[in-house]
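This is what each chain is made of:
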Amino acid sequence: QLQASGGGLAQAGGSLKLSCAASGRTFDKYNMAWFRGDDRRFVAAIMWKTADPSYANAVKDRFSISRDNIKNTVYLEMNNLRPEDTDVYYCAAREGPMITSSLYYTGWGQGTLVTVSS
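Since the model is a prediction, treat every value here as computed from it, not as a measurement.

Rules used in this analysis
- Residues numbered from 1 in each chain as written.
- Predicted model: local features only at pLDDT ≥ 70, side-chain atom pairs only at ≥ 80, totals over all residues.
- Heavy atoms only, no water.
- Pairing = 2+ DSSP bridges.
- Helix = DSSP H or I, 4+ residues; strand = E, 2+ residues; numbered from the N terminus.
- Axes fitted to C-alpha atoms, helices over the stretch in contact; angles between N-to-C directions.
- Buried < 20%, exposed > 50% of the residue type's maximum accessible area, 1.4 Å probe, protein only.

## Remarks on the sheet that holds strand β8 (residues 73-78)
Right, so step 1: Read across the open sheet, the four strands follow the order β1-β3-β8-β7; overall the sheet is antiparallel. Only two strands of the sheet have a single partner each, and these edge strands are β1 (2-5) and β7 (63-68). Adjacent strand axes in the sheet meet at a mean angle of 15°, parallel and antiparallel pairs treated alike.
Right, so step 2: Here β1 pairs with strand β3 (residues 16-22) via four bridges, running antiparallel. In the strand pairing of β3, Ser 5 is matched with Ser 19.

Structural data, given as structure tokens:
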């Protein structure tokens, strides 16, 4: 199971850093991703082997995804936040190829709410 944390209230232009911690198992051989909202829109993903990242166009150059396989944790650093970034953010894992569809990811836990005020 994955647990997202680190959300909160930020002003437009501010920053937040989300964390995704795994419990019960390790996800070091999994590609990891962040999604947002009830419709699980893709935000960012990172490969387990090379740590190559992938980003949605809306967050490219503002967000940065990273992982620490020793700590079994994935991070999403969110900079230059905008009000439209407001949402619940979730992390998930995928053993297969890294893709942007949430349908093939597992380990969903409770998300963390990010609220950006203008």
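## Re unusual backbone geometry
Among all residues except glycine, the phi angle is most often negative; among peptide bonds, the trans geometry is most common.
Right, so step 1: Phi is positive for Ala 51, which is not a glycine, with a value near 65°.
Right, so step 2: Within the element layout of this structure, Ala 51 appears in the loop between β5 (41-46) and β6 (53-55).
Right, so step 3: Residue classification places Ala 51 among the partly exposed residues on the basis of a relative accessible area of 38%.
Right, so step 4: Of note in this structure, Asn 72 is not a glycine but carries a positive phi near 55°.

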